[in-house]
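Here's the letter readout for the chains.
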Amino acid sequence: MIGKLTVLVVLASAYFAYYRQPYAQGQKPSQAAAKTKSSVDQDIKLLREDIRSRKKQPIAANLKLTADQAAKFWPLYNQYSAELSKIGDQQTALIREYADHWGTMTDEQASRLAKPSLAMDERIAQLRLKYLPIFSQAVPGQVVATLPIGSPVPGAA
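Residues numbered from 1 in each chain as written. Predicted model: local features only at pLDDT ≥ 70, side-chain atom pairs only at ≥ 80, totals over all residues. Heavy atoms only, no water.

Quick look at the nonpolar core
So, step 1. The biggest cluster of nonpolar side chains holds 22 residues, and the ones touching the most others in it are Phe-73, Tyr-77, Tyr-80, Phe-135 and Leu-147.
So, step 2. The set of elements that each furnish at least two residues to this core consists of helix H3 (67-100), helix H4 (107-138) and helix H5 (141-146).
So, step 3. At 8 residues, the largest contribution of residues to this core is made by H3.
So, step 4. Apart from residues no more than four positions distant in its own chain, Phe-135 is found in contact with Phe-73, Leu-76, Tyr-77, Tyr-80, Val-144, Leu-147 and Ile-149. (Core = buried A, V, L, I, M, F, W, Y, C linked by side-chain atoms within 4.5 Å. Buried < 20%, exposed > 50% of the residue type's maximum accessible area, 1.4 Å probe, protein only. Helix = DSSP H or I, 4+ residues; strand = E, 2+ residues; numbered from the N terminus. Contact = heavy atoms within 4.5 Å.)

Observations regarding the packing of H3 against H4
So, step 1. As a packed pair, H3 and H4 sit with axes 11 Å apart at the nearest point and diverge in direction by 180 degrees. As the angle between them shows, H3 and H4 are arranged roughly antiparallel. (Axes fitted to C-alpha atoms, helices over the stretch in contact; angles between N-to-C directions. Parallel < 35°, antiparallel > 145°, perpendicular 65-115°, else oblique.)

Here we look at H4
So, step 1. Its 32 residues give H4 an end-to-end C-alpha distance of 47 Å, which sits within 8% of 46 Å, the value for a rise of 1.5 Å per residue.
So, step 2. In the structure, H4 departs most strongly from a straight axis at Tyr-131, where the bend amounts to approximately 30 degrees and where the proline Pro-133 lies between one and four residues downstream.
So, step 3. Inspection of H4 places Leu-113, Met-120, Ile-124, Leu-127, Tyr-131, Phe-135 and Ala-138 among the buried residues, and these make up the whole buried set. (Expected span 1.5 Å × (residues − 1). Bend = angle between axes of the 7 residues up to and from the residue.)

Considering the packing of aromatic side chains
So, step 1. One pass over the full model with this rule turns up 9 aromatic pairs.
So, step 2. Between Tyr-80 and Phe-135, the ring centres sit 6.0 Å apart and the planes meet at 70 degrees, which makes this aromatic pair edge-to-face. Here Tyr-80, found in helix H3, pairs with Phe-135, found in helix H4; they are 55 residues apart in sequence, far enough to count as distant.
So, step 3. Look at Tyr-80 and you get buried, because its relative accessible area is 1%.
So, step 4. The class of Phe-135 is buried, set by a relative accessible area of 0%.
So, step 5. Here the aromatic cluster, defined as three or more aromatic residues joined through ring pairs, consists of Phe-73, Trp-74, Tyr-77, Tyr-80, Tyr-131 and Phe-135. (Phe/Tyr/Trp six-rings, centres within 6.5 Å; stacked < 30°, edge-to-face > 60°.)

All quantities given are derived from atomic positions and should not be read as evidence of function.
So, in structure tokens, the structure goes:
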């Protein structure tokens, strides 16, 4: 499974690569930045959708669910994934803010950005704790113990 750090690096790299490109001749910097930001937003959206779909494939392949269990599990997993995705949206915004200040960031700004990142980690842990008993009501405990809710991919869900 793709790690949290890997996804953050990929998202940040995509953002830096596109956002920091020099603007085309004849374009004003603000026009080029808007076009580039739009392109980056689309790339990030596609990347996250791809990761989400790839994340479900090994889960589906490794879970041995009956039809009844699958009918209960997948809607819950999709709900969990949607909530996790909202946190991922905030993490992506934080990466963008970090990229916007790259090279000019003060220690105070860096500290200010670190705190929300840690708070998001805490929200992810709280989300996992919230869904543990919910999943346990839908599928057996042995199945719940194998779920990857312990290591979600931020911004991908």
